[in-house]
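Given next are the chains, with one letter for each unit.
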Amino acid sequence: MPLVQIHTIKDVFTPEQKREMIEKITDTMVAIEGEALRLSLEGIRGELEVTASSSKISIVEVGGNVVVDSDNVEVTVEEATDSVSVTSLDGDVRLSDLEGPVTVNADTRNVRVIWKTLQGMTDSVIRNRGGDVEVQFPDRGGCRVEASAHFGRIESDLPELTVSDDGDLASGALNRQSRPAVRIEAAGKVVLTRNPLE
């Protein structure tokens, strides 16, 4: 494990200023890169960037932006309060208890996104060129939903959404909100529901 040592000039900083400096350094961005990792991170307060292949990644309780670029990696992100961006080739993506916007570009079997709350005006895009997408929306907050299923069908229990007659397109405003927009595109089926935990 890498060690960072910081030396200060004697008698320049008070003990309180030193504690504050350590906290700020701890809160800065974390970047991890590797292959064949079994990575489990919890309680990250700053930004997090992970690049991995042939790995399993689990991230819980992150307070900054999360960026994951993966190849043949199972990605799980839970309890993220800011934006989450995942690029995944051949590894399932599970994002849950989210509060911020999401960008997913995947070519995998399954992508699952569960929002705890929808905040702000930043749009989200969820694309899976290889399979299915499941999205659960919170009861509180709202958004504009636009979904398409290229070779599958759209299943929805959301009365605010209109699904086309052939079942490959859906759109509507949840809780009468036009922003943010959530755009969903899947090669397979798309399932749109309410978060049952809300």
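Structure: above.
Residues numbered from 1 in each chain as written. Predicted model: local features only at pLDDT ≥ 70, side-chain atom pairs only at ≥ 80, totals over all residues. Heavy atoms only, no water.

Concerning the side chain of serine 88
Thought 1: If you trace the backbone, serine 88 turns up in strand E5 (residues 84–89).
Thought 2: Relative accessible area serves as the criterion here: at 3%, serine 88 is assigned to the buried category.
Thought 3: Reaching out from serine 88, the side chain makes a polar contact with the backbone oxygen of glycine 91 at a distance of 2.8 Å.
Thought 4: Apart from the residues within four sequence positions on either side, serine 88 is in contact with Ser70, Val73, Val93, Asn105, Ala106 and Asp107. (Helix = DSSP H or I, 4+ residues; strand = E, 2+ residues; numbered from the N terminus. Buried < 20%, exposed > 50% of the residue type's maximum accessible area, 1.4 Å probe, protein only. Polar contact = N/O pair within 3.5 Å; in protein donor to acceptor, adjacent residues only side chain to side chain. Contact = heavy atoms within 4.5 Å.)

Concerning the environment of serine 54
Thought 1: Looking at the secondary structure, you find serine 54 in strand E3 (residues 48–62).
Thought 2: Counting along the chain gives 19 residues from serine 54 to valine 73, while the straight-line C-alpha distance between them is 5.3 Å.
Thought 3: For serine 54, the contacting residues outside a window of four places in its chain are Ala36, Leu37, Asp71, Asn72 and Val73.

Here we look at the pairing of strand E10 (residues 132–137)
Thought 1: As judged from the five bridges shared by strand E8 (residues 110–115) and E10, these two strands associate in the parallel manner. When the sheet's bridge partners are listed, arginine 112 is paired in E10 with glutamate 134.
Thought 2: For E10 and strand E16 (residues 190–194), the ladder comprises five bridges, and the chain directions are parallel. Counted as the bridge partner of glutamate 134 is valine 191 from E16. (Pairing = 2+ DSSP bridges.)

With respect to the nonpolar core
Thought 1: The biggest cluster of nonpolar side chains holds 45 residues, and the ones touching the most others in it are Leu95, Trp115, Ile126, Phe137, Ile184 and Leu192.
Thought 2: For tryptophan 115, the residues in contact, after removing those within four places along its chain, are Leu98, Glu99, Gly100, Val102, Ser124, Ile126, Val135, Gln136, Phe137, Pro138, Val182 and Asn195. (Core = buried A, V, L, I, M, F, W, Y, C linked by side-chain atoms within 4.5 Å.)

Notes on the pairing of strand E7 (residues 102–107)
Thought 1: Burial along E7 is one-sided: Val102, Val104 and Ala106 are buried, and none of Thr103, Asn105 and Asp107, which face the opposite way, are.
Thought 2: In this structure, E5 lies alongside E7, joined through six bridges in parallel fashion. Looking at E7, one finds that serine 88 is bridged to alanine 106.
Thought 3: Note: E7 against strand E9 (residues 124–128), four bridges, orientation parallel. Pairing of threonine 103 across the sheet is with valine 125, part of E9.

Things to note about the packing of aromatic side chains
Thought 1: Counted under the stated rule, the structure contains one aromatic pair.
Thought 2: A centroid spacing of 5.9 Å and a plane angle of 20° characterise the contact between tryptophan 115 and phenylalanine 137, whose relative ring orientation is stacked. Within this pair, whereas tryptophan 115 is found in strand E8, its partner phenylalanine 137 is found in strand E10, the two being separated by 22 residues in sequence. (Phe/Tyr/Trp six-rings, centres within 6.5 Å; stacked < 30°, edge-to-face > 60°.)

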